[in-house]
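If you want the building blocks of each chain, they are given just below.
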Amino acid sequence: MLEKLNVFLQKYIAILTPLSLIVGVFLESIGHHLLFLVSWLFAFMTFSGSLHMKFKDVKIFMKHPVLILFSILFLHLLMPLWAYFLSTVLFDDHLLTVGFVLAVALPTGVTSVIWINICKGNLPLGLSIILIDTLLSPIILPFILYIVSGEKIELDVASLILNLLWMIVLPTILGILVNELSKGAIPQKIGKKLAPFSKLCLFAVILINSSAIAPYLKDINMHLFFVVLLVFFLAVSGYLFAYVIGRYLLKDGPQMATFVFTGGMRNIAVGVIVATTYFPGKVAMPVVFGMLFQQVLASVFSKMMNPLYKPDKSTV
């Protein structure tokens, strides 16, 4: 039953994600009372997602240091600069600028593994990028937000770092330890059973945190339309830039697939938590809307890549 539920949730994730957002807006008053659950839900999601990781995934860095470092620079320097430029040109609103930068400066999404597998990408390399980027996130993300916030927004950096450690780093290390100490037995036994609960936690996080942006969604206007449009454009840009770089510079099918999906996907759930916890509600708007497009665009780009490169049988 759990396996069927997981297949159902995975199949309709592109529909259930915006549906969770809409329900959360209508249940605004209830969402505010459930905010205390969000960090716990996300910690569980992170633990579940890291059960199949190993500490040796970091060692892949020695074989592909340039590609891994470039992936991190792409995620946390090139895309944030691109988002900052576009948002400052199109919107005279510092809160929205912070939101757009946050939306693209987040660590890469663990769900990119699904699409790397589908497109026969280099899975060990993908896991290495995810693990290294995840472990670095409590340092990189607060630094970027501190720079972009400036003096206009007071940011509790220490609290943010501790929250990221609690939600991301500690559950990741715990998941890896469970995998290592049990020699893969526990993840093999409970991994598939936890998968649907992890997805349900994602929908719950979206639903609860949607209450923070509810006041901005009650008045549908052209301003809101352009915010969503820029979110969509940035999401497409992330995949497209990674696709072009992969096609003309990497010239390796598995590496290209890995770079495209780790470069295009973001751990948006943690972005929503950060935005709603440490900033005014408007900052969360670009982050939350980013959830509407990630999986759909991943599907589109997976179809674009398959005819171009035949997957290699080599492994890292």
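Conventions adopted
Residues numbered from 1 in each chain as written. Predicted model: local features only at pLDDT ≥ 70, side-chain atom pairs only at ≥ 80, totals over all residues. Heavy atoms only, no water. Helix = DSSP H or I, 4+ residues; strand = E, 2+ residues; numbered from the N terminus. Rg over C-alpha atoms; globule rule 2.2 N^0.38 Å. Buried < 20%, exposed > 50% of the residue type's maximum accessible area, 1.4 Å probe, protein only. Phe/Tyr/Trp six-rings, centres within 6.5 Å; stacked < 30°, edge-to-face > 60°. Axes fitted to C-alpha atoms, helices over the stretch in contact; angles between N-to-C directions. Left-handed = near helix turned anticlockwise from the far one by under 90°. Contact = heavy atoms within 4.5 Å. Nonpolar A, V, L, I, M, F, W, Y, C, P; charged D, E, K, R; others polar. pLDDT = per-residue confidence, 0-100. Salt bridge = Lys/Arg side-chain N within 4 Å of Asp/Glu carboxyl O. Core = buried A, V, L, I, M, F, W, Y, C linked by side-chain atoms within 4.5 Å.

## As for the overall build of the protein chain
For the protein chain, the helix and strand inventory stands at 16 helices and 0 strands. For a compact globule of 316 residues, the expected C-alpha radius of gyration is about 20 Å, and the protein chain comes in at 19 Å, within 12% of that figure. Dimensions of the protein chain, computed from the C-alpha atoms along their principal axes, are close to 50 × 45 × 35 Å. Looking at the protein chain as a whole, 54% of its 316 residues qualify as buried.

## Remarks on the packing of aromatic side chains
Under the definition given, this model contains 12 aromatic pairs. Summarising the aromatic geometry, the rings of phenylalanine 91 and phenylalanine 100 are spaced 5.8 Å apart at their centres and angled 20 degrees between planes, so their arrangement reads as stacked. The buried category is assigned to phenylalanine 100, whose relative accessible area is 1%. Ring geometry for phenylalanine 232 against phenylalanine 293: centres 5.1 Å apart, planes inclined by 70 degrees, an arrangement best described as edge-to-face.

## Digging into unusual backbone geometry
Unusually for a residue other than glycine, lysine 120 sits at a positive phi of about 55 degrees. You can see lysine 120 is positioned in the loop between α7 (112-118) and α8 (123-149). Taking the relative accessible area as the measure of exposure, lysine 120 reaches 52% and is therefore exposed. A positive phi angle, near 55 degrees, is found at lysine 183, a position not held by glycine. Tracing the chain through its elements places lysine 183 in the loop between α9 (157-181) and α10 (185-209).

## A few points about the packing of helix α6 (residues 94-105) against helix α15 (residues 281-290)
At their nearest, the axes of α6 and α15 sit 7 Å apart, and the two run at 35 degrees to each other. Where α6 crosses over α15, the handedness of that crossing is right-handed. Facing Leu95, Leu96, Val98, Gly99, Phe100, Leu102 and Ala103 of α6, the residues of α15 in contact are Lys282, Val283, Pro286 and Val287. Across the contact of α6 with α15, the residue classes break down as 9 nonpolar, 1 polar and 1 charged.

## Focus on the confidence of the model for the protein chain
In the predicted model, the protein chain carries a mean pLDDT of 84, and 96% of its residues have values of at least 70. Below a pLDDT of 50 lies the segment residues 311-316, which in the model reaches 10 contacts outside its immediate sequence neighbourhood of four places, other chains included.

## Side note on the environment of leucine 78
Mapped onto the elements of the fold, leucine 78 is located in helix α5 (residues 65-90). Residue leucine 78 is classed as partly exposed on the basis of its relative accessible area of 39%. As a C-alpha pair, leucine 78 and valine 104 span 26 residues in sequence and 9.5 Å in three-dimensional space. If we ignore the near neighbours within four places in the chain, the residues touching leucine 78 are Phe70 and Leu73.

## Let's talk about the pattern of salt bridges
In total, this model carries 1 salt bridge according to the counting rule given. For lysine 282, the salt bridge identified is with aspartate 93, shortest N-O distance 2.8 Å. Here the residue lysine 282 occupies a position in helix α15, and aspartate 93 occupies one in the loop between α5 and α6, the gap between them amounting to 189 residues. The exposure classification of lysine 282 matches that of aspartate 93, with both residues buried.

## With respect to the side chain of serine 237
When you line up the elements, serine 237 lands in helix α12 (residues 222-250). The exposure class assigned to serine 237 is buried, which follows from its relative accessible area of 4%. Filtering out sequence-adjacent residues up to four positions away, serine 237 remains in contact with Met79 and Trp82.

## As for the nonpolar core
If you look at the biggest cluster of nonpolar residues, it comprises 90 residues, and the most contacted ones within it are Leu102, Leu145, Phe261, Val274 and Phe279. Broken down by element, the residue count for this core peaks at 10 residues, all from α12. Leaving out residues up to four positions away in the same chain, phenylalanine 261 has contacts with Thr108, Ser112, Trp115, Ile116, Cys119, Tyr239, Ala298, Ser302 and Met305. By size, the runner-up hydrophobic cluster in this structure holds 6 residues, among which are Val113, Leu127, Leu131 and Ile176.

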